[in-house]
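Structural characterization, general
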Amino acid sequence: RNQKNQIQQGERKESQKTEQESKMATQTEIEEDEKPLLLIDIDDNGKCRLNPDGAKMLSEIQGKIGVVAIAGIYRTGKSYLMNRLLGRQAGFAIGPSVNPCTKGIWIWGAPLRIRDDLSVIVIDTEGIGSFAREQNVDMQIMSLALLMSSLFIYNSLGSIDESAIETLSFVSQLTKHIHVTSRVVGSKDGDNYAKYLPKFFWVLRDFSLRLVDPDGNPISPKRYLEEALEPLKGASESILNRNNIRKTLKAFFEDRDCIPLARPVNDEKLLRELDKVPYEDLRQSFRQQMEACVNRILQGVAPKMIDGMVMSGGMFVKLIEEYLTAINNDAVPTITTAWGRVVEGEMRKASKTALNAFRTHVGAKVIKVMPVEETELKKCEEEARQIANKEFNAFVVANYNSGVVNDYRLQYLSRIKKLTEALHQDNLNESRQKCQELGQEL
């Protein structure tokens with residue numbers, strides 16, 4: 001009996017050990033998933049490389065995606081804001097020195113599932129203006145963040161003054177770094193950038209001003225932004241340059257807003273290591289504004305789409321690859337050209353998948369048992385057509401009337417027609433062969 005009890009105790013311990021190891025393994029898997037992943041590595045010459053791990057994570061996302069990207073001057077708290085967006089105290093790297101913490105473009109290791117039909121990708125970018133990088137690298141970071149996102153956050157310190165406007169000088173250079181359509185030399189710029197660029201949120205960190213009009217009446221952050229974007233009077237070169245930034249910002253980002261955030265702590269030392277300060281110990285006004293900011297972002301992010309077509313994670317990766325190919329070849333990324341190639345790839349995949357589904361169904365139902373009655377053949381053909389159409393349409397999320405989609409649809413329907421004609425001919429040949437065999441037997 002003692003031996004039996006010892007055996008049972010040993011089995012229980014082993015079971016508990018196995019269960020504990022299983023829990024630890026599960027926890028490790030969760031922790032492995034919940035970490036930032038490098039998406040795009042950018043070297044000092046401006047050459048870009050898509051990281052396979054980041055691309056794999058994105059490719060596995062099914063259904064609609066929204067993309068929130070943040071950019072701005074380095075060491076201004078971008079990563080902390082994105083961590084709060086994730087509901088985390090720590091996540092993307094934060095550091096106390098003057099050196100930028102984030103290099104290249106990073107994504108969080110798992111999308112935020114904010115609705116049943118929308119997964120949100122969170123992107124943190126290397127800070128611009130660092131002494132360690134050339135200006136052309138800064139411009140590439142900003143351009144890629146804008147090209148990839150459906151909601152773009154520009155993060156800066158303090159109020160919107162003339163110095164803050166100057167930090168947005170990249171906006172006035174966008175037409176040199178992003179094209180909407182392929183251009184003919186000598187043609188006028190008729191690109192509609194506002195149609196393709198994301199929603200724009202300007203987040204003002206350590207904001208201390210009272211939002212009031214000249215009479216002391218409260219005004220909204222949106223009105224504060226719009227008033228700051230009104231052109232200045234004067235004709236000096238500096239005023240004209242800043243007014244051009246204002247004009248371009250208003251033209252390119254029609255859907256824009258402003259979110260002020262108070263200083264989280266007064267102690268400079270704590271401010272440098274904000275991720276180590278318990279969230280509950282931060283100033284109440286900051287916490288309230290931060291929570292409102294997070295809600296605004298999550299409510300404001302929309303599915304990433306181009307020309308009315310919503311994209312999946314796999315299509316998003318293909319689009320990024322097209323942009324990086326252009327950049328690495330010293331060309332300007334062209335939105336509609338890159339998107340056209342992505343759509344063509346999806347349509348080729350849709351046609352192949354649908355045709356295989358048609359062949360599989362008729363192969364299982366009639367080909368192996370030919371000849372069959374004509375009515376049975378037509379019934380099987382109709383079933384196969386419906387299955388194939390369902391597979392094809394699964395790739396066409398929207399933009400049904402797109403020229404590219406319609407061209408591939410016509411090609412696909414033509415192939416289906418040829419397959420059905422061949423199917424009827426094969427059945428007729430098998431029937432004739434069967435009749436000949438029966439005739440010889442008689």
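Residues numbered from 1 in each chain as written. Predicted model: local features only at pLDDT ≥ 70, side-chain atom pairs only at ≥ 80, totals over all residues. Heavy atoms only, no water.

**Considering unusual backbone geometry**
What counts is decided by this rule: Helix and strand labels come from DSSP, where a helix needs a run of H or I of at least four residues and a strand needs a run of E of at least two; each type is numbered from the N terminus. Burial classes follow relative accessibility: with a 1.4 Å probe on protein chains only, a residue under 20% of its type's maximum area counts as buried, one over 50% as exposed, and anything between as partly exposed.
Residue Met370 is joined to Pro371 through a cis peptide bond whose omega torsion reads 5 degrees. Of note, Asp307 is a non-glycine position whose phi angle comes to about 55 degrees, a positive value. Following the sequence through the fold, Asp307 ends up in the loop between β10 (305-306) and β11 (309-310). Exposure remark for Asp307: the relative accessible area of 31% places this residue in the partly exposed category.

**Notes on the packing of aromatic side chains**
Put simply, the rule reads: The rule is short: rings of Phe, Tyr and Trp, with Trp giving its six-membered ring, pair when the centres are within 6.5 Å, and they are stacked under 30 degrees, edge-to-face over 60, tilted in between.
In total, this model carries eight aromatic pairs according to the counting rule given. When the centroid spacing of 4.6 Å and the interplanar angle of 20 degrees are considered together, the rings of Tyr193 and Phe252 count as stacked. You can see Tyr193 sitting in helix α8 (residues 193-196) and its partner Phe252 sitting in helix α10 (residues 237-252), a full 59 residues away along the chain. Exposure class is identical for Tyr193 and Phe252. Each is buried. Consider the rings of Phe392 and Tyr412, whose centres lie 4.6 Å apart with planes at 10 degrees: the pair is stacked. Placement of the pair is Phe392 in helix α15 (residues 374-395) and Tyr412 in helix α16 (residues 403-441), with a sequence separation of 20 residues. Each member of the pair, Phe392 together with Tyr412, is buried.

**Topic: the pairing of strand β9 (residues 256-260)**
Spelled out, the test is: Between any two strands, at least two bridges found by DSSP are needed for them to pair.
Of all five residues that make up β9, five are buried, and the element is covered over most of its length. Side chains Arg256, Cys258 and Pro260 of β9 all project onto a buried face; the interleaved residues Asp257 and Ile259 project onto the opposite face, where all are buried too. Pairing of strand β8 (residues 199-205) with β9, which is carried by five bridges, proceeds in the parallel orientation. The residue bridging Val203 from the neighbouring strand is Ile259, located in β9.

**Thoughts on the pattern of salt bridges**
Should the charged atoms of two oppositely charged side chains come close, the side chains can pair. Here is the rule: By convention in these notes, a salt bridge is any Lys or Arg side-chain nitrogen within 4 Å of a carboxyl oxygen on Asp or Glu.
By the definition in use, this model includes 21 salt bridges. One salt bridge in this structure joins Glu346 and Lys349, with 3.4 Å as the shortest N-O distance. Placement of both Glu346 and Lys349 in helix α14 (residues 335-365) is noted, with a separation of three residues, approximately one turn of the helix. Taking the relative accessible area as the measure of exposure, Glu346 reaches 9% and is therefore buried. The residue Glu381 makes a salt bridge to Arg385 at a minimum N-O spacing of 3.0 Å. With a gap of four residues between them, Glu381 and Arg385 both fall in helix α15, about one helical turn apart. Judged by its relative accessible area of 13%, Glu381 falls in the buried class. If you follow the salt bridges from partner to partner, you end up with Glu162, Glu166, Arg242 and Arg246 in one network.

**Points about the nonpolar core**
Selection rule: Among buried residues, the Ala, Val, Leu, Ile, Met, Phe, Trp, Tyr and Cys ones that are joined through side-chain atoms within 4.5 Å form a nonpolar core. Note on contacts: a residue pair qualifies if any of its non-hydrogen atoms lie within 4.5 Å across the two residues.
In terms of nonpolar packing, the biggest core is built from 93 residues, with Ile40, Leu58, Leu144 and Trp202 touching the most fellow members. With 11 residues, α14 is the largest single contributor of residues to this core. In this structure, Leu58 is in contact with Leu39, Ile107, Ile121, Gly313, Gly314, Phe316, Val317 and Ile320, ignoring residues within four places of it in sequence. In this structure, Tyr80, Phe286, Met290 and Cys293 belong to the second largest nonpolar core, which totals 30 residues.

**Notes on a negative patch on the surface**
Rules: Patches here: salt-bridge-free residues with over 30% relative accessible area, like charges joined within 9 Å, nonpolar side chains (Val, Leu, Ile, Met, Phe, Trp, Tyr) joined within 5 Å. Accessible areas in this description were obtained via Shrake-Rupley with a 1.4 Å probe; residue shielding takes into account the shown protein chains only. A positive count includes Lys and Arg, and a negative count includes Asp and Glu. His and the chain ends are not counted in either. Where a charge lies is defined by one atom per residue type: Lys uses NZ, Arg uses CZ, Asp uses CG and Glu uses CD.
A contiguous patch of negative charge, built from Asp426, Glu430, Glu437 and Glu441, is present on the exposed surface. Relative to the helices and strands, Glu437 resides in helix α16.

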